[in-house]
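These are the residues of each chain, in order.
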Amino acid sequence: MSVFDRISGFIKYWYFQYLLNTALYMAEPWERHIFNSILVAIIAMAVYTTYIFLPGHAIMVIKFVKFVLGISNNTDDLDVTRTIQVNQET
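Figured I'd write up the structure that's included with this text.

Topic: the packing of aromatic side chains
- Under the definition given, this model contains 3 aromatic pairs.
- For the pair F10 and W14, a centre-to-centre distance of 6.3 Å together with 65 degrees between the ring planes defines the contact as edge-to-face. Residue F10 and its partner W14 are both found in helix α1 (residues 3-22); the two are separated by 4 residues, about one turn of the helix.
- For W14, a relative accessible area of 48% puts it in the partly exposed group.
- Note on Y15 and Y18: the rings are 6.1 Å apart at their centroids and 35 degrees apart in plane angle, and the pair reads as tilted. In this pair, Y15 and Y18 both sit in helix α1, 3 residues apart, roughly one turn of the helix.

Some details on the packing of α1 against helix α2 (residues 29-69)
- Close contact between α1 and α2 brings their axes to 13 Å; oriented N to C, the two are set at 95 degrees. By the angle between their axes, α1 is roughly perpendicular relative to α2. Counted together, Y15, Y18 and L19 of α1 and R32, F35, N36 and L39 of α2 form the full contact between these two elements.
- For the contact of α1 with α2, the class distribution of residues is 5 nonpolar, 1 polar and 1 charged.

Describing unusual backbone geometry
- Unlike most non-glycine residues, A23 shows phi in positive territory, near 65 degrees.
- Relative to the helices and strands, A23 is located in the loop between α1 and α2.

Rules used throughout
- Residues numbered from 1 in each chain as written.
- Predicted model: local features only at pLDDT ≥ 70, side-chain atom pairs only at ≥ 80, totals over all residues.
- Heavy atoms only, no water.
- Phe/Tyr/Trp six-rings, centres within 6.5 Å; stacked < 30°, edge-to-face > 60°.
- Helix = DSSP H or I, 4+ residues; strand = E, 2+ residues; numbered from the N terminus.
- Buried < 20%, exposed > 50% of the residue type's maximum accessible area, 1.4 Å probe, protein only.
- Axes fitted to C-alpha atoms, helices over the stretch in contact; angles between N-to-C directions.
- Parallel < 35°, antiparallel > 145°, perpendicular 65-115°, else oblique.
- Contact = heavy atoms within 4.5 Å.
- Nonpolar A, V, L, I, M, F, W, Y, C, P; charged D, E, K, R; others polar.

What follows is the structure, given as structure tokens:
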């Protein structure tokens, strides 16, 4: 059994498990395509939103934790609007 056959079998197994768990095995092929397209679109939007907004929020949380722990006494770090404006300019 070649490596390609093993990888192909692995992918087919997990695709079959996906069909069983979502009950898509009962759907017509065109219904599966529509469902999968919507699912991929939702996942893509979630990934994009995470990519855009998570770094800014993470920076604000880190600055807040530093301020609370006394590592940084700079109150300008807690100015959320300034942080957002700086992030949008870059």
